[in-house]
Amino acid sequence: MYLSRFLSIHALWVTVSSVMQPFPLVWGHYDVCKTQIYTDEGKVWDYMACQPESMDMTKYLKVKLDPPDITCGDPPETFCAMGNPYMCNNECDASTPELAHPPELMFDFEGRHPSTFWQSATWKEYPKPLQVNITLSWSKTIELTDNIIITFESGRPDQMILEKSLDYGRTWQPYQYYATDCLDAFHMDPKSVKDLSQHTVLEIICTEEYSTGYMTNSKIISFEIKDRFAFFAGPRLRNMASLYGQLDTTKKLRDFFTITDLRIRLLRPATGEIFVDEQHLARYFYAISDVKVQGRCKCNLHATVCVYDNSKLTCECEHNTTGPDCGKCKKNYQGRPWSPGSYLPIPKGTANTCIPSISSIGTNVCDNELLHCQNGGTCHNNVRCQCPEAYTGILCEKLRCEEAGSCGIDSGQGAPRQGCPALLLLLLLAALLGTASFLAI
């Protein structure tokens, strides 16, 4: 008898598991573009919004310096030690690998000691400004997912601007200003990201938090992505549904975290004092050991995979979309205007798939692999869709009552409802409790 009751419970658990399968274990990650579900008419594809995983984007960038000859070492020159600005017998020589500091060392692995770093020429032409633009380009639209972190091997600059582009470097907008004195450098009152709110999260601020003198213990400058996310998702980013909802409905917010290029504008090196020591100009330069940019390819919620091929990132598009960002419908799938996927409703979002053009539908309306028939329709001989009674259209894509103009609350027509996982779980719990009671007798 015990064995019989156990087998019954096991059978119930298998049933619940099979019904629960289409629902992700962690909701809101959007890591699946489609899954097969079971309806009264058999297996059909259920499409959902999807996006690639976040990754280290510095592996795929191209770096450009302006002026191009600003890197130290050509010709060789001496500079002052990092810890002792008056010990000026260190050498930078581009022709000697051990003494060279090329820009690619900003993006290499920093696990070994001593750390490697890019370094500029010294401020030997003072009082002419020592200014450098470092441009990072991806030739791809990127969505930032974590803080941008720049680690300086030298003192952090007295003045710096972080800029972004959304059009591959044709135009630029400031992300954040950094200075030891914001009012003097940029005519802006100093602020930190903690001074912002949901309503002012897009404000461009100047911060003095990361710009201190030459003899500083901290080397990091950060652009705080996660702190801005937290205004919507909570301090530990536990309510990602709220953030996704805001990103879905507020284009300016979504664009704020989207880039094609970043530009680090170094405007004045760390001096650590009011006046520049003109007798020791070799102590003033820029040196960066590491740049971190975490993000994902923007695929408009139509792909989970982004491939790097021929020095270029490209989305592997789903939902019958195409293009580097899945930004248009494939040929013969323009039955309705292209639209990006949507994070809403949580947790699976809306795929907004491209559907076949009426003119392109020929002998192969559907097939057993792609299963284009919608709303529970079944593919008949790869020629036409057999629709449920409530639906019509070539792909069963519209309600029959819409054509008659009779859709309403009491029309009784609508999408077939899936079984409720919560109800099944309650049934399982009741069965388990029943077993416990039985065993206690």
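Rules used in this analysis
- Residues numbered from 1 in each chain as written.
- Predicted model: local features only at pLDDT ≥ 70, side-chain atom pairs only at ≥ 80, totals over all residues.
- Heavy atoms only, no water.
- Helix = DSSP H or I, 4+ residues; strand = E, 2+ residues; numbered from the N terminus.
- Buried < 20%, exposed > 50% of the residue type's maximum accessible area, 1.4 Å probe, protein only.
- Contact = heavy atoms within 4.5 Å.
- pLDDT = per-residue confidence, 0-100.
- Polar contact = N/O pair within 3.5 Å; in protein donor to acceptor, adjacent residues only side chain to side chain.
- Salt bridge = Lys/Arg side-chain N within 4 Å of Asp/Glu carboxyl O.
- Pairing = 2+ DSSP bridges.
- Core = buried A, V, L, I, M, F, W, Y, C linked by side-chain atoms within 4.5 Å.
- Lys, Arg positive; Asp, Glu negative; His and termini not counted.
- Disulfide = S-S within 2.5 Å.
- Phe/Tyr/Trp six-rings, centres within 6.5 Å; stacked < 30°, edge-to-face > 60°.
- Lys NZ or Arg CZ within 6 Å of the ring centre and 35° of its normal.

Before going further, it helps to examine the overall build of the protein chain. In terms of helices and strands, the protein chain carries 7 helices and 24 strands. When burial is assessed residue by residue, the protein chain has 44% of its 441 residues classed as buried. For the protein chain, the proportion of contacts with a sequence separation of at least 24, taken over those separated by at least 6, is 64%.

Take the confidence of the model for the protein chain next. Scored by pLDDT, the protein chain comes out at a mean of 83, with 79% of its residues at no less than 70. Contacts from residues 411-425, a stretch scored under 50 in pLDDT, to residues over four places away or in other chains number 21 contacts.

You can see threonine 207 is positioned in strand β12 (residues 206-207). Looking at threonine 207, its side chain comes within polar contact range of the main-chain nitrogen of glutamate 209, at 3.1 Å. Each residue touching threonine 207, except ones within four places of it in the same chain, is listed here: Gln176, Tyr177, Tyr178, Ala179, Cys182, Lys191 and Ser192.

This part takes up the pattern of salt bridges. Inspection of the entire model under this criterion finds 14 salt bridges. The residue arginine 283 makes a salt bridge to aspartate 277 at a minimum N-O spacing of 3.8 Å. Aspartate 277 shares its class with arginine 283; the two are buried. Put simply, Glu163, Arg263 and Arg265 are held in one network by salt bridges that share partners.

Below, the discussion takes up the environment of lysine 252. Within the secondary structure, lysine 252 sits in helix α5 (residues 251-256). It is 8.2 Å that separates the C-alpha atoms of lysine 252 and leucine 202, two residues lying 50 residues apart in sequence.

A few words now on helix α4 (residues 240-249). Leu243, Tyr244, Gly245 and Leu247 are the residues of α4 that are buried. Those residues of α4 hidden inside the fold are in contact with α3 (225-233) and α5.

Attention now moves to the pairing of strand β1 (residues 34-39). Consecutive residues of a regular strand have side chains that alternate between opposite faces of the sheet. By the bridge criterion, 6 bridges tie β1 to strand β2 (residues 42-47) in an arrangement that is antiparallel. Following the sheet pairing, threonine 39 is matched in β2 by glycine 42. What sits between the antiparallel neighbours β1 and β2 is a turn of 2 residues.

Bringing the sheet that holds strand β13 (residues 220-223) into the picture now. For sheets, the rule is that strands pair by backbone hydrogen bonds, running either parallel or antiparallel. With antiparallel pairing, 4 strands are arranged side by side in an open sheet as β7-β15-β9-β13. Edge strands, defined here as strands with exactly one partner in the open sheet, are β7 (118-119) and β13. The pairing of β7 with strand β15 (residues 287-292) spans 2 bridges and is classified as antiparallel. Pairing of glutamine 119 across the sheet is with alanine 287, part of β15.

What follows covers the nonpolar core. As a rule of thumb, soluble globular proteins bury nonpolar side chains together. One finds Trp118, Ile134, Trp138, Tyr175, Leu266, Ile288 and Leu313 to be the most contacted residues of the largest nonpolar core, which totals 60 residues. At 6 residues, strand β8 (residues 132-144) tops the list of elements feeding residues into this core. Not counting residues within four places of it along the chain, the set of residues in contact with tryptophan 138 comprises Met57, Tyr60, Leu61, Ile259, Thr260, Asp261, Leu262, Val293 and Leu313. Residues Cys366, Cys373, Ala390 and Tyr391 belong to the second largest nonpolar core, which totals 9 residues.

Residue position: arginine 296 is located in strand β16 (residues 294-297). Of the buried charged residues, arginine 296 lacks a salt bridge, with glutamate 143 as the closest side chain of opposite charge at 4.6 Å.

Turning our eyes to something else, we now look at the state of the cysteines. When the sulfur atoms of two cysteines share a covalent bond, that bond is a disulfide. Scanning all chains against the criterion turns up 10 disulfides. Put simply, cysteine 72 and cysteine 92 are joined by a disulfide, and their sulfur atoms are 2.0 Å apart. Here the S-S torsion is close to 75°, and the disulfide linking cysteine 72 with cysteine 92 is therefore right-handed. You can see cysteine 72 sitting in the loop between β4 (62-66) and β5 (77-79) and its partner cysteine 92 sitting in strand β6 (residues 90-92), a full 20 residues away along the chain. The pair cysteine 72 / cysteine 92 is uniform in exposure class, with both members buried.

Within the span of α3, buried status applies to Ile225, Arg228, Phe229, Ala230, Phe232 and Ala233. Check the buried side of α3 and you find it contacts β8, β9 (148-152), β11 (173-179), β13, α4 and α5.

Let's shift gears to the packing of aromatic side chains. Summed over the entire model, instances satisfying the criterion amount to 14 aromatic pairs. Connected via pairs of aromatic rings, a cluster forms that spans Tyr175, Phe223, Phe229, Phe256 and Phe257. Its guanidinium or amino end placed over the ring of tryptophan 45, lysine 34 lies 4.4 Å from that ring's centre, counting from NZ or CZ. Between the NZ or CZ atom of arginine 263 and the centre of the ring of tryptophan 172, over which it lies, the distance is 4.2 Å.

It is worth spelling out unusual backbone geometry at this point. For the bond from tyrosine 126 to proline 127, the omega torsion is 15°, close enough to zero to count as cis. Summarising the element assignment, proline 127 is placed in the loop between β7 and β8. Positive phi, normally seen in glycine, also occurs at leucine 301, with a value near 60°. For leucine 301, the location among the structural elements is in the loop between β16 and β17 (306-309). Phi angles above zero are rare outside glycine, and asparagine 320 is one such case at about 65°.

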